[in-house]
Amino acid sequence: MKFQHLLAGALLASLGAAGCRDSSVPAAAARPDPNVVIARFKGGEIRRGTIQGALDRRFAAAPKPLSSEVRKAIVRQIVERRVRTAMLFEEAEAKGFGKRSEVESRQAVAEDRTLAEEFLARAMAGAKASDAQVAAEIDRRVAASHPEEARKFSHIFLRAPESDATARKAAADRMAKIRQEADAGTGFNKLAEKWSDSVTARGGGRIDWTLRRSLNKLAAEAIFTLKEGEVSQVVSAPDGLHLFRLDGVRPGTPLDMDAVRRNVRQSLDDEAKRAAERARRQQEVDAQGAEFAAPEVVARLATAPGGAGSQVMAHWRGGEVRGSDQLAVAGWVTLAPQPLAGELRTLVENRLLAAARRAEPISAELTARVADARRLAVINSYRQTLIAGLDTGSTEEEIARYYRDHAESLLALRDFEIDALFFPQTGESVADVYTAGEEVGDKLRDGVSFDDILRVPVRTGARLCRAQHGVDLTALGQTSLRLRKALLSLSAGEITPAIYLDGPQTVLVPKSCVLDGRGVAFLRLRALGTLPLPAVRDSIRTALAKEKEAAGIEQIQNRLIAASGLQIVVPEG
């Protein structure tokens, strides 16, 4: 089968597409010839026109300047990918793979999907959002955007209410000394860590990029009049005294309103098309009287495919889908009922829409797209079969060796033993939990041990996790990247600064240490060790299986390229 026939239609680029130039031809006169043969291999050849689009995209995305070596590598990657695809199809055909019943079922599904998508694309071509919807969304995006200048700064705060004259005088005297030390060259962040009553003190008083409108008036007037590196005068506020140092300025950028309008129109029109498509799919289901088995019934395919294989999963006037049909098409099973049930519904919808499309004339271009879809179904099915046949099992000796080699280097095998103190936020105000965080910071600065603070938390309702083993870094990263980063920066015995968690849930150790809702947290790393082998055996087995599968896929790819006799005629495209 000729390669250019294998991928006919879908991969052809227009004659005017920008392409590779012969360096001997002046740039102004060079025009890419789509008929130039880029590579030859067993039974076929690759012409520039079939890969022009892929070349253009990869060349455009590559770092500039684009060296000859990089161009050659990109061309080889694109060519080899297409050659492997062609060789897979040839090998599958030689083995009669496409005549297997489950593969024929997948080919039929691929054909239905192609016809259904084309039918819907034509039917939904006029669907678009109203001008009023677009205008409202533009207004919303403009209101939610942050084009104005942002600043990051460091902050020292001494708590002293205006009503307490004695405390106010003491705070003023201390702030004057702090200001003198800062002017004399003492690090501002060290001073913040030593003296500040703010919850940010243990982080050196650092506050990340902030917009002017996010600050109260007094702070904004002080911070947004400073030059970078400059320290403000003492700012008096009802609750105490503040000192600021400007650490950076991020200039504002005006909105490109034309771009906003284009993006809004595109996204809302796409949404309107999707809504119209869903409605049209439902219309076809209703018109044909299609009915589906309950999701829990469909789920039995995952647990008992043999017993559920003959059961009708969906039926309509003139057709039905049985469990065995769906399993053959899916090529996978799942314990969750909804995905398999959703796949069943899509399969039926596409079949009904494809039947409607077949009732109309079909162009040569659509016929070619259907043929490509059917070939791709064979290729994907054969590829899955090859991968499924790889030996990815691991012996106990391999698991033990992996454990010995990686126990000290892989985070997944490290045992983070922690203490956690969490003050949950009640209501929308953060003031209460920030105050609790400040009190903990004050106690730590005064030499109170974290163990004593854990024994008697500064606020009722605090959540405590003591001596927890087996922190799940993956789950923690998914719920609080900031807390994960802080934990990984600790040495044994160290405590994180107060860290605000915005919920709804932060998982430290599954089931035994889960922090619900928003609030302020402190973590202490008690010790860093290695998890015992029995606790990580399954994860090591999974990692080894992935490694073996990757190595097996690479061997298959190398075998296909070797068997193809590939010769790249124009190395730089």
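Treat the numbers as computed from the prediction; the structure is a model and nothing was measured. (Residues numbered from 1 in each chain as written. Predicted model: local features only at pLDDT ≥ 70, side-chain atom pairs only at ≥ 80, totals over all residues. Heavy atoms only, no water.)

**Student:** Help me understand the packing of aromatic side chains in this model?
**Tutor:** Centre-to-centre distance and the angle between the planes together describe a pair of aromatic rings. Counted by the stated rule, this structure contains three aromatic pairs. Judged by centre distance (5.2 Å) and plane angle (65°), the ring pair of Phe97 and Tyr382 falls under edge-to-face. Remark: Tyr382 occurs in helix α14 (residues 364–388) and Phe97 occurs in the loop between α3 (68–94) and α4 (101–123); sequence separation between them is 285 residues. Here the aromatic rings of Phe153 and Phe244 are separated by 5.8 Å at their centres, their planes lie at 75°, and the arrangement is edge-to-face. Taken together, the positions of Phe153 in strand β3 (residues 150–159) and Phe244 in strand β6 (residues 240–250) put the pair 91 residues apart, joining distant regions of the chain. The buried category is assigned to Phe153, whose relative accessible area is 3%. Lying over the aromatic face of Phe59, Arg71 brings its terminal NZ or CZ to 4.2 Å of the ring centre. (Phe/Tyr/Trp six-rings, centres within 6.5 Å; stacked < 30°, edge-to-face > 60°. Helix = DSSP H or I, 4+ residues; strand = E, 2+ residues; numbered from the N terminus. Buried < 20%, exposed > 50% of the residue type's maximum accessible area, 1.4 Å probe, protein only. Lys NZ or Arg CZ within 6 Å of the ring centre and 35° of its normal.)

**Student:** Looking at this model, I keep getting lost on helix α15 (residues 396–406). Mind explaining?
**Tutor:** In an α-helix, one turn spans 3.6 residues, which is why side chains three or four residues apart end up on the same side. Regarding α15, the residues found buried are Ile399, Tyr402 and Tyr403. Buried residues along α15 cover an arc of 100° about the axis, so they all sit on one side. In α15, the exposed positions angled more than 90 degrees off the buried face are occupied by Glu397, Arg404 and Asp405. (Arc of directions from axis to C-beta.)

**Student:** Explain the state of the cysteines to me, please; I cannot follow it from the model alone.
**Tutor:** What we call a disulfide is simply a covalent bond connecting the sulfur atoms of a pair of cysteines. Counting across every chain of the model gives one disulfide. Here Cys465 connects covalently by a disulfide to Cys513, the sulfurs 2.2 Å from one another. As the torsion about the S-S bond is roughly 100°, the Cys465-Cys513 disulfide counts as right-handed. Note that Cys465 is positioned in strand β11 (residues 463–468) and Cys513 in strand β13 (residues 513–530), a separation of 48 residues in sequence. (Disulfide = S-S within 2.5 Å.)

**Student:** I'm lost on the pattern of salt bridges in this one. Help?
**Tutor:** If the charged atoms of two oppositely charged side chains come close together, the side chains can form a pair. Across all of its chains, the model carries 48 salt bridges by this definition. Residue Arg71 is joined to Glu572 by a salt bridge in which the shortest nitrogen-to-oxygen separation is 3.6 Å. With a gap of 501 residues between them, Arg71 in helix α3 and Glu572 in the segment after β14 (567–568) connect regions that are remote in the sequence. Of the residues examined, Arg71 reaches a relative accessible area of 17% and is grouped as buried. For Glu572, a relative accessible area of 30% gives the class partly exposed. Measuring nitrogen to oxygen at the nearest pair gives 2.1 Å for the salt bridge that ties Arg455 to Asp452. Taken together, the residues Arg455 and Asp452, both in helix α17 (residues 450–455) and three residues apart, mark about one turn of the helix. Owing to a relative accessible area of 56%, Arg455 belongs among the exposed residues under this scheme. On the basis of relative accessibility, which here comes to 36%, the residue Asp452 falls in the partly exposed class. (Salt bridge = Lys/Arg side-chain N within 4 Å of Asp/Glu carboxyl O.)

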